[in-house]
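Residue-level structure breakdown
Chain by chain, the residues run as shown.
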Amino acid sequence: MNCRVCSNKISEFMTLGRMPIANNFLEKKDFAKEYFFELLPAFCEKCYSFQIIEQPDPSMMFHENYAFFSQTSKNMILHFKKLSDKIKNNFFTSDNPFIVELGSNDGIFLKNFLNYKCNHLGVEPSKNVAEVALQNNVNSIVEYFSSNLAKKIVNKYGKADVVTSANVMCHIPNINDVALGISELLNENGVLIFEDPYLGSVIEKISYDQIYDEHVFLFSIYSVEAIFSKFGLHLFDVEFLQTHGGSMRYYLSKRKNTPISKNLLLSKENENKLKLNKIETYIKFSENVKSSKSKLIEIFDEIKNKNKLIYGYAATSKSTTVLNYCNIGTDYIEGIFDTTPIKQKKFSPGKHIPIIEYEKFNSYDFDYLYNFAWNHSTEIYENEKEFYNRGGKWISHVPFPKII
Ligand code: TMP
Ligand code: ZN
């Protein structure tokens, strides 16, 4: 396999095994025709990008029934409001500013710009979420972004001051063409701002569940510089974010002479310490992942030997990697409570654990809850104090598998 960024020959350093589509919550009648592929993370020693070898066709992952609506999270609404204020105050340089978001979902971010009375455009390939954005007056087109589409946007709207994306860039296999398109779309002072789950956090936390079909890349500063500098986009600042268990926001400019922030220098030093540019780091990571799996199975077996009941909490995309890699099915977990209607009454991808309406949480009896949304632990443990106070225990694989 050749690297998607630089065409260098790369090889996988571990397998996470036979994997279904992470968000394909399905009905019983669809079990027999469920699609599986092999989840193989790999690292390119030339451009430092961490990528998965095989990715299912995008149409299988992002379609009419795509389960993810950004607006459902209050924290994310605030997160994007803060970013839009920062953009308005720092990066709108022209008289009639224009902002484009790639993967604009239901308009959670661009909605803020309606108040600022500036031109905006959302590019969103999933029709059902884009329709919600349109209903909210967020100008959106249902398309995959590409260099071709960039040309059409420039012809129709002119060049952009700012291009943004959040949790989207890491989904894009043809990243070179998208980077080229962004470079063509931005004006000469233009800025690209994007954020994605951070590879450094995945390595440190052994949060291997960030690796799933949709995440074709997990970025580091090393890899972002290697990809975007080829297209005249220069990294000048980064911001570490707590979202998604550790994310990085990257600021890149068309201007070569934009001063480099102190934060970028410090974060680069940290990447050097973590050795994110060395294959040995990923070999060590693969050993850590295997130990994490053994420890988790040990915990489950111990609990089952005591005849205690375990349920899951939050049917996240990440949970698909954990459940399938660790081979955890209904023999261990009776059901998973989840708040998203489109997942409820269906079964989890691959292991076919029933998804139960969160509204029924209090009518079930259980001793342990597996926290699949570990990145929201503080909020969840607070919300479910009652369970803990009556002697209930949480299980989580981040930090390293343990009972809490
Ligand atoms: P995601 O991590 O793939 O975006 O999925 C998040 C899922 O977790 C979504 O279906 C909603 C569910 N969830 C809960 O059911 N309860 C919670 O407290 C949280 C944080 C998420
Ligand atoms: Zn490469």
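Residues numbered from 1 in each chain as written. Chains lettered and ligands numbered in written order. Predicted model: local features only at pLDDT ≥ 70, side-chain atom pairs only at ≥ 80, totals over all residues. Heavy atoms only, no water.

Turning our attention to the overall build of the protein. The helix and strand inventory of the protein stands at 13 helices and 18 strands. Taking 22 Å as the expected radius of gyration for a compact globule of 404 residues, we find that the protein reaches 21 Å, a close match to that expectation. With the C-alpha coordinates of the protein rotated into their principal frame, the extents come out at 65 × 50 × 40 Å. Counting all 404 residues of the protein, 57% fall into the buried class. Of all intrachain contacts in the protein linking residues separated by at least 6 positions in sequence, the fraction that spans at least 24 positions is 68%. (Helix = DSSP H or I, 4+ residues; strand = E, 2+ residues; numbered from the N terminus. Rg over C-alpha atoms; globule rule 2.2 N^0.38 Å. Buried < 20%, exposed > 50% of the residue type's maximum accessible area, 1.4 Å probe, protein only. Contact = heavy atoms within 4.5 Å.)

Bringing the coordination of the zinc ion (ligand 2) into the picture now. Looking at the zinc ion (ligand 2), the protein donor atoms are Cys-3 (SG), Cys-6 (SG), Cys-44 (SG) and Cys-47 (SG), and they sit 2.3 Å from it. Taken in chain order, the donor set of the zinc ion (ligand 2) reads C-x2-C-x37-C-x2-C. By relative accessible area, which is 4% here, Cys-3 ends up buried. The class for Cys-6 is partly exposed, based on a relative accessible area of 22%. (Donors = N, O, S within 2.8 Å, 3.2 Å for Na, K, Ca; no water.)

Time to look at the nonpolar core. Formed by 90 residues in total, the largest nonpolar core has its most connected members in Phe-228, Tyr-250 and Ile-333. Element by element, the count of residues in this core is highest for helix H10 (residues 279-305), at eight residues. Leaving out residues up to four positions away in the same chain, Ile-333 has contacts with Phe-300, Ile-310, Tyr-311, Gly-312, Leu-323, Ile-328, Ile-353, Tyr-370 and Phe-372. The next biggest cluster of nonpolar side chains, apart from the first, holds 20 residues, and it includes Phe-92, Leu-110, Val-138 and Ile-193. (Core = buried A, V, L, I, M, F, W, Y, C linked by side-chain atoms within 4.5 Å.)

With that settled, the discussion passes to unusual backbone geometry. Cis peptide bonds are those with omega within 30 degrees of zero, and the linkage from Val-398 to Pro-399 qualifies with 0 degrees. Structurally, the position occupied by Pro-399 is in the loop between strand S17 (393-396) and strand S18 (402-403). Phi is positive for Asn-167, which is not a glycine, with a value near 55 degrees. Mapped onto the secondary structure, Asn-167 falls in the loop between strand S8 (160-166) and helix H6 (175-185).

Close to ligand 1 lie twelve residues, the nearest being Ser-317, Asp-338, Thr-339, Thr-340 and Lys-343. In this structure, Ser-317 approaches ligand 1 through a side-chain N or O atom, which is 2.3 Å from an oxygen atom. Thr-339 places a main-chain nitrogen or oxygen 3.0 Å from an oxygen atom of ligand 1. Protein chains shield 80% of the accessible area of ligand 1, which is 490 Å² for the free molecule. (Near = heavy atom within 4 Å. Polar contact = N/O pair within 3.5 Å; in protein donor to acceptor, adjacent residues only side chain to side chain. Areas by Shrake-Rupley, 256 points an atom, 1.4 Å probe, with all protein chains shown as cover.)

This part is about the packing of aromatic side chains. Inspection of the entire model under this criterion finds 37 aromatic pairs. Residues Phe-194 and Phe-228 carry aromatic rings whose centres are separated by 5.3 Å and whose planes lie at 45 degrees to one another, so their mutual orientation is tilted. Here the residue Phe-194 occupies a position in strand S9 (residues 186-197), and Phe-228 occupies one in helix H8 (residues 221-229), the gap between them amounting to 34 residues. Centre to centre, the rings of Phe-387 and Trp-394 are 5.5 Å apart; their planes meet at 80 degrees, and the pair counts as edge-to-face. Here the aromatic cluster, defined as three or more aromatic residues joined through ring pairs, consists of Tyr-311, Tyr-313, Phe-337, Tyr-358, Phe-361, Tyr-364, Phe-366, Tyr-381, Phe-387 and Trp-394. The ring of Tyr-325 has Lys-293 sitting right over it, with the charged end atom 4.6 Å from the ring centre. The positively charged end of Lys-318 is found above the aromatic ring belonging to Trp-374, 5.7 Å away from the centroid. (Phe/Tyr/Trp six-rings, centres within 6.5 Å; stacked < 30°, edge-to-face > 60°. Lys NZ or Arg CZ within 6 Å of the ring centre and 35° of its normal.)

Next up on the list: the sheet that holds strand S4 (residues 50-52). Ordered by their spatial adjacency, three strands build an open sheet running S3-S4-S10, and the pairing between neighbours is antiparallel. Edge positions in the sheet fall to strand S3 (41-43) and strand S10 (217-218), since each has one partner strand and no second. Sheet topology places S4 next to S10; two bridges connect them, and they run antiparallel. Across the sheet, Phe-50 pairs through a bridge with Leu-218, a residue of S10. (Pairing = 2+ DSSP bridges.)

The next thing to look at is the pattern of salt bridges. Enumeration according to the criterion identifies 15 salt bridges in this entry. In this structure, the salt-bridge partner of Lys-29 is Glu-27, at a minimum N-O distance of 3.8 Å. Notably, a salt bridge pairs Glu-280 with Lys-275, separated by 3.6 Å at the nearest N-O pair. According to the relative accessible area criterion, Glu-280 is partly exposed, its value standing at 44%. A network of salt bridges, in which partner residues are shared, links Glu-27, Lys-29, Asp-30 and Lys-33. (Salt bridge = Lys/Arg side-chain N within 4 Å of Asp/Glu carboxyl O.)

Next up on the list: the pairing of strand S14 (residues 333-338). Across a regular strand the side chains alternate sides, sitting on one face of the sheet and then on the other. Counting buried residues in S14 gives five out of six residues, a clear majority hidden from the surface. In the sheet, strand S13 (residues 310-313) pairs with S14 via three bridges, with the strands oriented parallel. Following the sheet pairing, Gly-312 is matched in S14 by Ile-336. The handedness of the S13 to S14 crossover, carried by helix H11 (residues 317-325), is right-handed. In the sheet, S14 pairs with strand S15 (residues 355-357) via three bridges, with the strands oriented parallel. By the bridge assignment, Phe-337 is partnered in S15 with Ile-356. (Right-handed = clockwise from strand over helix to strand, strands pointing away.)

Restricting attention to buried positions, one finds in helix H4 (residues 127-135) the residues Asn-128, Val-129, Ala-130 and Ala-133. The inward-facing, buried residues of H4 abut strand S7 (140-141).

What follows is about the side chain of Asp-213. Here Asp-213 shows up in the loop between helix H7 (199-205) and S10. Leave out the neighbours within four places in its chain, and Asp-213 touches Pro-20, Ile-21, Ala-22, Phe-37, Ile-52, Gln-55, Pro-56 and Met-61.

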